[in-house]
Amino acid sequence: TSALPRAPEFMNDPKKYPPTDPYANVTEKDVYAWLANYKLPGTPGRYYAYSNVGFGLLGDVLAKHKGTTFDGLVGIYLRDRLGMKDTA
C-alpha cells in the first residue's frame, strides 16, 4: 500500500537490467536517487499493488535500523535461528 511501483522506471533499460536478472546491477545509490525525485501517483494506503521497490526499501531500512546489511538481518533473524546454513 506504499503507492510505489513494482520497479523503478530506470530499470526499463534491458541492456543494463536484463530480464533474466534485472536486479543484479541495481545499486542502493540508484534506488535512493530515483526515490528522491519520484512523485507518488496516489495516496499511500489507499490501494494494494505489489512493489519490489517497497519490499526492498523496507529491508534496507530495517537493516540500517539494526546496524547491519540485509544479508546480516536475514542471518540474525532467520538463517541462524532456523539452522538454514545454505540460505543467502
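Our subject is the structure that appears above.
These remarks concern the structure in this document. In this text the structure is predicted, and so the values were computed from the model without any measurement.

This brings us to the overall build of the chain. On a plain count of helices and strands, the chain comes out with three helices and zero strands. Overall, the chain shows an N-to-C arrangement of helices and strands of α-α-α. Its C-alpha atoms put the chain at 40 × 35 × 20 Å along the principal axes. Expressed as a percentage of the 88 residues in the chain, the buried residues total 22%. Pairs at least 24 apart in sequence give 57% of the contacts found in the chain among residues at least 6 apart. With the model as given, the accessible surface of the chain reaches about 6,600 Å², and the carbon-plus-sulfur share is 59%.

Axes are the key here: two packed helices are described by the angle between their axes and the distance separating the axes. Remark: helix α1 (residues 28-37) packs on helix α2 (residues 52-66), axes separated minimally by 12 Å, with the N-to-C direction vectors making an angle of 110 degrees. Looking at the two axes, α1 sits roughly perpendicular to α2. As α1 packs across α2, the resulting crossing turns out to be left-handed. In contact with Glu28, Tyr32, Trp34 and Leu35 of α1, α2 contributes Val53, Leu57, Asp60, Val61 and Lys64. Residues of the contact of α1 with α2, tallied by class, amount to six nonpolar, no polar and three charged.

Phi is positive for Ala3, close to 75 degrees, though the residue is something other than glycine. Assignment of secondary structure puts Ala3 in the segment before α1. Owing to a relative accessible area of 6%, Ala3 belongs among the buried residues under this scheme.

The next point concerns the pattern of salt bridges. By the definition in use, this model includes three salt bridges. Among the salt bridges present, the one from Lys64 reaches Glu28, with a minimum N-O distance of 3.2 Å. Taken together, the residues Lys64 in helix α2 and Glu28 in helix α1 connect sequence positions 36 residues apart. For Lys64, a relative accessible area of 45% corresponds to the partly exposed category. A salt bridge links Asp60 to Lys64, with the nearest nitrogen and oxygen atoms 3.6 Å apart. With a gap of four residues between them, Asp60 and Lys64 both fall in helix α2, about one helical turn apart. The class for Asp60 is buried, based on a relative accessible area of 18%. One network of salt bridges, with partners in common, ties together Glu28, Asp60 and Lys64.

What counts and what doesn't
- Each chain carries its own residue numbering, running from 1 in the direction its sequence is written.
- The model is predicted, so local features are restricted to residues of pLDDT at least 70 and side-chain atom pairs to those at 80 or more, both for listing and for counting; the totals for chains, interfaces and linings are taken over all residues.
- Note that the side-chain values use all heavy atoms of the structure and ignore hydrogens as well as water.
- Numbering of helices and strands starts at the N terminus; helices are DSSP runs of H or I of at least 4 residues and strands are runs of E of at least 2.
- A 1.4 Å probe rolled over the protein chains alone gives each residue an accessible area, and that area as a share of the maximum for its type sets the label: buried under 20%, exposed over 50%, partly exposed in between.
- By definition, residues are in contact when any of their heavy atoms lie within 4.5 Å.
- Exposure was quantified through the Shrake-Rupley algorithm and a 1.4 Å probe, taking into account, for residues, occlusion by the shown protein chains and nothing else.
- Fitted lines through C-alpha atoms serve as axes, helices being fitted only where they are in contact, and the angles separating the N-to-C directions of these axes extend from 0 to 180 degrees.
- Orientation labels follow simple angle bins: below 35 degrees gives roughly parallel, above 145 gives roughly antiparallel, 65 to 115 gives roughly perpendicular, and whatever is left gives oblique.
- Helix crossings fall into two classes, left-handed where the near helix is turned counterclockwise from the far one by less than a right angle and right-handed where it is turned clockwise.
- Note that Gly is not counted as nonpolar here; it falls among the polar residues with everything else outside the nonpolar set of Ala, Val, Leu, Ile, Met, Phe, Trp, Tyr, Cys and Pro and the charged set of Asp, Glu, Lys and Arg.
- Counted as salt bridges are all cases of a side-chain nitrogen of Lys or Arg within 4 Å of a carboxyl oxygen of Asp or Glu.

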